[in-house]
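Overview (structure and organization)
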Amino acid sequence: MAVELCLLLLLLCGSTISEVQPIYKPPPGTLDFGFVPAKTYDTGAYHEPGAIGILFKIVHAFLYLVQPNTFPQDLIRKLAQQQFGNTQGDYQKAIYYEIGFIVSAALGLLFILLLPLVGLCFCMCRCCDNCGGEMHQRQKKNADCQRSCFATFLFVASLIISVGVLCAYAANQHLTNQVRGAKKLVNSNFKDLKIFLNDTPAQIDYLVNQYNTTKDKALSDLNNVGPVLGSRVQEQLGKEVRPALDAALTMAGAIRETKEALENVSVSVEVLQEGTERLHANLTDVKMHLSNTLNDSACNAAQAASTCNIIRNSLAQLNINANFSGLPGVSSQLAKINDVLKIDLSSLVQKGYAAFNDTPDLVVNQTRNILSDIKSVLESIGSNITTFTRALPVQKILADLMVHLTQSEAYVQDYFPLVEQYDFYRWLGCLILCCMLVLILVFYYLGLLCGTCGYDKHASPTTRGCISNTGGNFLMAGVGFSFLFSWVLMIVVVLTFVTGGNVEKLVCEPFEDKNLFKVLDTPYLLNKHWKNYLAGIIFKNPNVNLTFEKVYSDCKENKGIYTSLHLEYLFNVNELLNISMYTEDVALKIEHIQINLSKIILLDEIGKENLLNFSSSGIDGIDFSAYLTEINKSVTKVDLLSFANDLEARADQLPKGALENALKGHANNIRMIHNQQVVPLEQAMSTLNQSIRLLKRTSSELMVKVKNVISAVNAAQDLINNNASQVIVQETKKYMDTIIGYFEQYTEWVKESISMEVAACKPIANVIDTAVDIFLCSYIADSVNTFWFGLGGSSMFLIPAIIFAVKLSKYYRRMDTEDVYDDSVEQW
């Protein structure tokens, strides 16, 4: 059974896969393997005792007072190794540890021996009319006070005994209830163990099947080798190629813009020359007519003379300011640019772009044969994993273990009624013990009731009533039964105290703080030839560091059984399915990828010559300063609108008449000249300004710019022709690391799943907790300890109850004789 279990645990973890490299590199892409299928275990290995837990804590505190010493690991080890007593100090240590139990048990034995003997002597003494047996009572002055005190003390003692009986009964009933309910907990543990066995094959299959996720991702990258590897190569080369082509394309755009600017300059200059001549003629005509108007006799009047003189003096401002007739032409530069544009440089650059963008297709065409070989390797890995998994006898071992588990469950189910039957006998026996105390309490309570109710303080001892006398008889009956039962009760108390107390101190408490596991993990303890017993059982190698404490703790945390039992010493998954040899084949095949990019032409000689022709087009010889000097001038010396408005304002200052109207007519004519001639000329000047400035920027160091563009294109072409192999090798290695990284992710995920999820051994820890912590400690030990605690306390208080009952009965029973008042102390 043990060997089969070990093999099962071995196969649970071994039928997966191993790691590829000892050093794990995070892969570029992250694969999603999902979650290992796992069902929830039903067993909650925790017991909440409820209200009776308060009594359990009181008993634990009492046991700590009796036995405050720490767990004696050394003594237990010597006892297990049969070396106890070899040294004289062993017995002293044992006595020192058990001194509390020894003293308490000795007191109990003294109680068992003396109380029946005292009862026998007391009975014989009373038969001789001594010890209170004489039916004669002397009268005392404080008789009522003594009677009240004895009754109170007896009542208090009875109450304490009652509490002890209730504690014992509650503990007895609690144990029975837990035993009856234990079947559900047992079935829950068996159910979890079955889930543990049934889920394991599905978990193994899931781990194996997730290889398809890795394979599919790798195949996806291989099928898309163009977008993946080709794009990476293209991206690296593009760091130099794209800026060079962009610069060439920008220069092609600059050529077109230069042509447009030259055309704009030519047209704008022509427009400005014609417009300024026409404007000059119109302004001259306006000045002549204004001068004629101002020569009118109306201007000689005193009111108009000053205004007319002001207007006459401003006529010199009506003249053009800019002179475009002397600007040089740009026809020769425009002709050269037109010759340059006969070759479509943009189209040539776009061809370079297209050739460079075909890099992924070149990679696909040149790696087709190698990729088919890599795909075959990946398929073979999956086939080998599937073949090996099917060859493992996992199902057979699981079936055998399931048979043993089913037989064990049937055995428990068959014998559980017998356990319940024996528990019923135990419950009945404990109930009888409680009934013994209840019988004694009944006599005491009846005696107190009848004695108190029937007592007549005016009656003499010989004339006491029947009820009072009956109460005294009840008290004496209780005393008699106390002597009869007390020693039997104390025997039970001593036996359960020594047993239950030591179970709590030597098993339950060490189990809770794991000191018990430390003892079990002592080298050569359970087998004098084995250093580690558990490792010797599982691995046949006692030198492996496998401890009970570590296994229990790992299973408590629901870790995988491969990690908990360190099954790598028995079945190393790294050696079983080492796919490194496959990944090495994949790496070698990827390294053999050869990609030739020499067919890529970024810009041919015609395009380069076209750029040189542009640089020698002569646009840098244009006299930009002459153009900018005239452009920066205004069209006229004065703003015609302002002049017209001022003229109209001056006309308003004149007397109403023909002179005023004539001046206003001239103002409107000036406004019309501004709108129809000056505004278009300003627009033409703006266009000329933009074009001249564009040409100036373009022509600035044009030859240097063109040479830089050609140098960048040549450098990029040289990189593709001569140095691309280094880039390709570098990116191919990154591509290989990506593919291998998928397998590394898979193996790391498998290792993590084996450690934490596959065959999670929480049910094993639950079985141990159920057997020790719940059944033995919580159900049995706590209940038994609470039972002897209540029964023992009640038994101890029987002694004062006997004394007070005997004393009190003298005041309730009817005496045969009586004396006169006597202060002397009664002797009995």
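One structure accompanies this document, and this report is about it. All of these numbers come straight from a predicted model, not from anything done at the bench.

1. Examining the packing of helix 2 (residues 53–66) against helix 26 (residues 762–796)
- Between helix 2 and helix 26, the shortest axis-to-axis distance is 9 Å and the interhelical angle comes to 75°. It follows from the interaxial angle that helix 2 and helix 26 lie roughly perpendicular. Counting all contacts with helix 2, which are made through Leu55, Phe56, Ile58, Val59, His60, Phe62 and Leu63, the residues of helix 26 involved are Ser778, Asp782, Ser783, Asn785, Thr786, Trp788 and Phe789.
- The class makeup of the residues in the contact of helix 2 with helix 26 is 8 nonpolar, 5 polar and 1 charged.

2. Structural notes on empty space enclosed by the protein
- As enumerated under the stated definition, the model contains 2 cavities of 30 Å³ or more in all.
- Estimated volume of the largest cavity: approximately 60 Å³.
- What lines the largest cavity is a set of 15 residues, and nearest its centre among them are Leu520, Thr522, Lys531, Asn532 and Tyr533.
- Grouping the amino acids of the lining of the largest cavity by side-chain chemistry returns 9 nonpolar, 4 polar and 2 charged.

3. A word on the environment of aspartate 90
- Here aspartate 90 is to be found in helix 4 (residues 89–127).
- Linking aspartate 90 and lysine 78, residues 12 residues apart in sequence, is a C-alpha distance of 8.9 Å.

4. Details of the side chain of threonine 522
- With respect to the element layout, threonine 522 can be found in the loop between helix 15 (515–520) and helix 16 (533–539).
- Within the structure, the side chain of threonine 522 is placed 3.3 Å from the backbone oxygen of lysine 518, a separation counted as a polar contact.
- A distance of 2.8 Å separates a polar side-chain atom of threonine 522 from the backbone oxygen of valine 519.
- Residue contacts for threonine 522: discarding those within four places in its chain leaves Arg77 and Lys531.

5. A look at helix 14 (residues 466–512)
- Helix length check: helix 14, at 47 residues, gives a terminal C-alpha distance of 61 Å against a target of 69 Å (1.5 Å per residue), a shortfall beyond 12%.
- At phenylalanine 485, helix 14 shows its strongest bend, of approximately 35°.
- Positive phi shows up at lysine 514, right after helix 14, with a value of about 65°.

Rules used throughout
- Residues numbered from 1 in each chain as written.
- Predicted model: local features only at pLDDT ≥ 70, side-chain atom pairs only at ≥ 80, totals over all residues.
- Heavy atoms only, no water.
- Axes fitted to C-alpha atoms, helices over the stretch in contact; angles between N-to-C directions.
- Helix = DSSP H or I, 4+ residues; strand = E, 2+ residues; numbered from the N terminus.
- Parallel < 35°, antiparallel > 145°, perpendicular 65-115°, else oblique.
- Contact = heavy atoms within 4.5 Å.
- Nonpolar A, V, L, I, M, F, W, Y, C, P; charged D, E, K, R; others polar.
- 1 Å grid on protein atoms, 1.4 Å probe; cavity = no way out; pocket = protein on both sides within 12 Å on 5 of 7 lines; lining within 4 Å.
- Points joined across faces, edges and corners; volume = space filled by probe spheres on them.
- Polar contact = N/O pair within 3.5 Å; in protein donor to acceptor, adjacent residues only side chain to side chain.
- Expected span 1.5 Å × (residues − 1).
- Bend = angle between axes of the 7 residues up to and from the residue.

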